[in-house]
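# Close look at the chain arrangement
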Amino acid sequence: MNIEMRISMMFQTGSIAPCASRRAAKALVCIYLFSLSGCFKPTKKIAIIPQTTAVTIWEAEHAGTHFAIEKSKEPNIQLYWNAPTSEDDVQQQATLIEKVIDEHYSALILAPDQTLPLMAPVQKALKHGLRVVVIASPLTLPASRNLSYIVNDDQASGYMAAMRIGNILHGSGRVAVFGVTPESLSSLAILHSFETTLENNYPSIIISERRFGTHNGTEAQQSADEMLASDHALNAIFALSSASCDGAFAALKARGLTSRVKLIGFEQSAELANLIRLGFIDSVIAENTYEMGYRAIRLLTEPSTSSPQYIRLQPTLLTRKNIDSPQTRPLISTDWSRR
C-alpha cells in the first residue's frame, strides 16, 4: 500500500478532517517523503593521495584519517586511497587527481610531491567543486573557502635541525646538507631556515656542501659517498628526506663513519627509527602526518566555513630518549591498533 492510499484511508477513518482537501493530503505525502529522505544521506566520497605508498610517514596519515572517521560516527563516507610508487612520479599524482575529478568525488586530501606541476590539477579540482585539503608541503595557491592547508612548520624544522647540530658539534665544525629538492617549497624553506639559524647562532659551523636529492636508493648512496670522499673533515650531515637519510647512512656505514659523522634526518620511517634506537644515526625530525590526516577529515566532514584554513603543525625531534615514548609512537608506528 502506497503512502497516498494510506492517507486516503486516514480521510475515511476520520484521522484527517473531512474538510481537508486532496491538495493538503498531497502536501502531507511530500512532507513524509522528505522526512524519510533525511535517513538516506548521499555517500561522501573523499580521495586521499599521499606522496607515495607503503611508507611509514603516509601510513601514519592513513591511520589519522580513519581515526577521524571513527570519531565522527559518519556512516556515509567512502575513502579512496592511492598514490604513486615513487615520490618523484608527479605525473602519476596528476593522473590520480584527474580520476578523482572524473568520478565526481566531493573532496580531496593531497600531499603534493612537487609544487608547480600540481598547481593546474588542483585548480581544476577546485573548479569542479571539490573541497581540497593540501597537507605536509604547501602549494602557492592561497587558502580559500574550498582550499585548506595543514602543513608541517618548515621553518621550525630547519631551526630544530640547526640547533641539534650546533649542540652535538659544540658550536664548531663542518656540515653538509644532502637531499635538497628545488621543486619543493618545503625543502627550500627548511634549507633557508637551517642556514639562517646556523649563521645567527653557530657562526663557527660551516656548511661545506649542498647536494640535490634523489628517491633512488642506489643513487642516493652513491651521491652521499661522493660527498664523503670530497670532504674528509666532515662532522655532520643534515638529510632533507627519508630517502636521502637512508642513502647517507648506507654510505657512512660502508666507510665505517657512523660514529664520527653525525647524521640528522628529516621525514621519519620505521627503518630510521630503528637506526636511532641502535645509535647508528643521531636523530630524525618527524612531521605529524597522523595529525594532518585526522584534521583533514575533520575539516571535510564539518560544515564549510568562509574563512580560509591554513594550519602549521609543529615537527618533533626523534632521539634515543623519546623514540619509544607514547607521544612519538603515532608518528612512526604502522600498527593502527596501537594508536
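Conventions used here
Every chain begins its residue count from 1, and numbering advances along the sequence as written. Per-residue local features of the predicted model are confined to residues with pLDDT of at least 70, and side-chain atom pairs are confined, for both listing and counting, to 80 or more; whole-chain, interface and lining totals are unaffected and use all residues. Think of the side-chain values as coming from all heavy atoms in the structure, minus any hydrogens and water. Secondary structure is summarised from DSSP: a helix means a run of H or I of at least four residues, a strand means a run of E of at least two, and numbering begins at the N terminus for each. Any two residues having at least one pair of non-hydrogen atoms within 4.5 Å are treated as being in contact. For the accessible areas, the method is Shrake-Rupley and the probe is 1.4 Å, while residue cover comes only from the protein chains on display. Every angle, taken between N-to-C directions, lies between 0 and 180 degrees, and every axis is a line fitted to C-alpha atoms, over only the stretch in contact when it is a helix. By definition in this entry, angles of less than 35 degrees are roughly parallel, angles greater than 145 are roughly antiparallel, angles of 65 to 115 are roughly perpendicular, and the rest are oblique. Handedness of a crossing follows from how the near helix is turned relative to the far one, being left-handed for an anticlockwise turn of less than a right angle and right-handed for a clockwise one. Gly is placed with the polar residues, together with every amino acid not listed as nonpolar (Ala, Val, Leu, Ile, Met, Phe, Trp, Tyr, Cys and Pro) or charged (Asp, Glu, Lys and Arg). The rule is simple: take the accessible area with a 1.4 Å probe, protein chains only, and divide by the maximum for that residue type; under 20% is buried, over 50% is exposed, in between is partly exposed. Think of a salt bridge as a Lys or Arg side-chain nitrogen and an Asp or Glu carboxyl oxygen that are within 4 Å of each other. A residue's pLDDT is the confidence the predictor assigns to it, expressed on a 0 to 100 scale. Note on pairing: DSSP must find at least two bridges between two strands before they are called paired. Buried residues of nine kinds, namely Ala, Val, Leu, Ile, Met, Phe, Trp, Tyr and Cys, make up a nonpolar core once their side-chain atoms join them within 4.5 Å. Counted as a polar contact is a pair of N or O atoms within 3.5 Å, where, for protein atoms, one must be capable of donating a hydrogen and the other of accepting one, and residues adjacent in sequence contribute only when both atoms are in side chains.

So, on to the overall build of the chain. Looking only at helices and strands, the chain has 12 helices and 12 strands in total. Restricting the contact set of the chain to residue pairs at least 6 apart, pairs at least 24 apart contribute 70%. If you sum the accessible surface of the chain, you get close to 16,400 Å²; carbon and sulfur atoms cover 53% of it.

Attention shifts here to the packing of helix α8 (residues 217-230) against helix α9 (residues 242-254). Contact geometry for α8 and α9: axes closest at 7 Å, N-to-C directions at 55°. In this view, α8 runs oblique relative to α9, as classed from their interaxial angle. The two elements α8 and α9 meet at a crossing, and its hand is right-handed. Facing α8, whose interface residues are Ala220, Gln221, Ala224, Asp225 and Leu228, α9 presents Ala243, Gly247, Ala248, Ala250, Ala251 and Leu252. Residues belonging to the contact of α8 with α9 are distributed by class as follows: 8 nonpolar, 2 polar and 1 charged.

Once that is clear, we can look at unusual backbone geometry. For His104, which is not glycine, the phi dihedral falls at a positive 60°. Its place among the elements puts His104 in the loop between α4 (90-102) and β3 (107-110). Positive phi values are uncommon outside glycine, yet Glu267 reaches one of about 85°. Structurally, Glu267 is set in the loop between β9 (262-266) and α10 (270-278). For Glu267, a relative accessible area of 9% translates into the label buried.

Following the criterion strictly, the structure yields 11 salt bridges and no others. For Glu103, the salt bridge is made with Lys99, and the minimal N-O distance between the two is 2.8 Å. By relative accessible area, which is 32% here, Glu103 ends up partly exposed. The salt bridge partner of Glu291 is Arg295, with a shortest N-O separation of 3.0 Å. Separated by 4 residues within a single helix, Glu291 and Arg295 lie in helix α11 (residues 289-301), roughly one turn from each other. The class of Glu291 is partly exposed, set by a relative accessible area of 22%. Residue Arg295 is classed as partly exposed on the basis of its relative accessible area, which comes to 33%.

For residues with low pLDDT, the predicted coordinates do not support detailed interpretation. With 85% of its residues at a pLDDT of 70 or more, the chain has an overall mean of 88. Counted against residues more than four places away or in other chains, residues 1-7, with its pLDDT under 50, gives 12 contacts. This model gives residues 27-40 a pLDDT under 50, and the stretch forms 7 contacts once residues within four places in sequence are excluded.

A separate point is the sheet that holds β9. Pairing is mixed in the open sheet, where 6 strands are placed in the order β7-β6-β8-β9-β10-β12. Pairing within the sheet leaves two strands with one partner each, and these edge strands are β7 (205-212) and β12 (316-318). In this sheet, adjacent strand axes meet at a mean angle of 20° when their direction is disregarded. Its contacts with the sheet put helix α7 (residues 185-201) on β6 (173-180), β7, β8 (236-239) and β9, and the angle it makes with β6 is roughly 170°. Contacting β6, β8 and β9, α9 crosses the sheet at an angle of about 160° to β9.

As a further point, take the nonpolar core. One finds Leu228, Ile237, Leu252, Leu263, Ile281 and Leu318 to be the most contacted residues of the largest nonpolar core, which totals 27 residues. Looking at this core, the elements that each hand over two or more residues are β6, α8, β8, α9, α10, β10 (283-286) and α12 (329-332). When residues of this core are assigned to their parent elements, the largest contribution, 5 residues, is made by α9. Setting aside chain neighbours within four positions, we find Leu252 in contact with Leu228, Ile237, Leu257, Thr258, Val261 and Leu263. The next biggest cluster of nonpolar side chains, apart from the first, holds 24 residues, and it includes Ala47, Leu118, Ala125 and Leu130.

Moving on: helix α5 (residues 119-127). Here α5 has its buried residues at Met119, Pro121, Val122 and Ala125. Looking at the buried residues of α5, the elements they touch are α4, β3 and β4 (131-136). Positive backbone phi, at 90°, marks Gly129, one or two positions downstream of α5.

With parallel pairing, 6 strands are arranged side by side in an open sheet as β2-β1-β3-β4-β5-β11. Looking along the sheet, the strands with just one partner apiece sit at the ends: β2 (77-81) and β11 (310-313). Averaged over all neighbouring strand pairs, the angle between strand axes comes to 15°, with direction disregarded. Against the sheet, α11 touches β1 (44-49), β2, β3, β4, β5 (147-152) and β11, its axis set at about 165° to β4.

Here we come to the side chain of Ser283. When you line up the elements, Ser283 lands in strand β10. Among the polar contacts listed, one links the side chain of Ser283 to the side chain of Asp282, at a separation of 2.7 Å. Filtering out sequence-adjacent residues up to four positions away, Ser283 remains in contact with Arg164, Leu263, Ile264, Gly265, Ile276, Leu317, Leu318 and Thr319.

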